[in-house]
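Structure at a glance
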Amino acid sequence: MPKLILLPAVDVSNGLAVRLTRGQTGTEATHGDPLDAARDFLDQGAEWLHLVDLDAAFGRGDNADVLRRVVDELAGSLSIQLSGGIRDEVSLNRALAAGVRRVNLGSAALANPDWVASAILEHGDRLVVGLDVRGSTLVPRGTTDIGADVFDTLELLESAGCSRYIVTDVDTDGAMSGPNLQLLSDVANRTNTPVIASGGIATLDDIAAIRDLVNVGVEGAILGKALYAGAFTLTDALAVANGD
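Described in the following lines is the structure provided in the data block. Since the structure is predicted, the reported quantities are computational estimates derived from the model, not experimental observations.

Summing up its helical and strand segments, the protein chain has 10 helices and 11 strands in all. Relative to the compact-globule value of 18 Å for 244 residues, the protein chain shows a C-alpha radius of gyration of 16 Å, a close match. Overall, the C-alpha framework of the protein chain stretches about 40 × 40 × 35 Å when taken along its three principal axes. Put simply, the protein chain has 244 residues, and 52% of those count as buried. In the protein chain, of all internal contacts separated by at least 6 residues, the share reaching a separation of at least 24 is 69%. Summed over all atoms, the accessible surface of the protein chain reaches about 10,100 Å², with 46% contributed by carbon and sulfur. In the protein chain, 18 side chains carry a positive charge and 34 a negative one; their mean positions are 2 Å apart.

Take the packing of aromatic side chains next. Under the counting rule described, the total for this entry stands at 1 aromatic pair. When the ring of F41 is compared with that of Y228, the centres are 5.8 Å apart and the planes differ by 85 degrees; the resulting orientation is edge-to-face. One end of the pair, F41, is in helix α1 (residues 34-43); the other, Y228, is in helix α9 (residues 225-228), and 187 residues separate them in sequence. Here F41 matches Y228 in class, with each residue buried. The ring of W48 has R102 lying over it, and the distance from NZ or CZ to the ring centre is 4.1 Å. Cation over ring: R190 sits above F151, and NZ or CZ is 4.2 Å from the ring centre.

So, on to the environment of I120. Positionally, I120 belongs in helix α5 (residues 113-123). As for I120 and S83, which are separated by 37 residues in sequence, their C-alpha atoms are 16 Å apart. When residues no more than four places from it in sequence are discounted, the contact partners of I120 are L127, V129, L157, A160, G161 and C162.

Parameters and conventions
Residues numbered from 1 in each chain as written. Predicted model: local features only at pLDDT ≥ 70, side-chain atom pairs only at ≥ 80, totals over all residues. Heavy atoms only, no water. Helix = DSSP H or I, 4+ residues; strand = E, 2+ residues; numbered from the N terminus. Rg over C-alpha atoms; globule rule 2.2 N^0.38 Å. Buried < 20%, exposed > 50% of the residue type's maximum accessible area, 1.4 Å probe, protein only. Contact = heavy atoms within 4.5 Å. Areas by Shrake-Rupley, 256 points an atom, 1.4 Å probe, with all protein chains shown as cover. Lys, Arg positive; Asp, Glu negative; His and termini not counted. Charge placed at Lys NZ, Arg CZ, Asp CG, Glu CD. Phe/Tyr/Trp six-rings, centres within 6.5 Å; stacked < 30°, edge-to-face > 60°. Lys NZ or Arg CZ within 6 Å of the ring centre and 35° of its normal.

Okay, structure coming up:
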């Protein structure tokens, strides 16, 4: 069985690495310098980093200088997937120019599906689309909007040629309550496009359970709060993901 790709997350707010519970503002727990956190993941064997500007995602400023420092130092050593507030041409071009491997268009960008389709056509596998889901409904972060049905949206993105999806159950994100394996399986079974799991991972058994979905199209998993809470190390998680 192919390995499960793990992407440890560094979420940045007010210049610091933080973790949220269920993606809600006001639940931040701080974890120091984002660059130190990213270096630690690299030292433990990370090949990917999921780097998020939470302030940009919530429309309350940005951490561009901090993220640039992380990218400038580490982009030559690991692949970086950049996320947060990327929902139009200006923010997308800025993110692509930063030197990262991939850019995540958040669910809020799907309010303009024609632009998303054109961006996918132009930039191909440098783009991944985030699907933040509650039940089967999109819940764009940084807005109070209730979006479309996730499977209707998936059909539109498939027709546009999207190369990859990040699927987040917002009710498990940062809650360490276990991943929504049914949602991941349902999405993966509706597409031949790789899926990255996000939200809820709390134990090494959760990673093993997601790895069991590799054969149906779940390519990777984003790890966040469990690493910062010390539930396990990235080194141990990578061993499980690799089937060691």
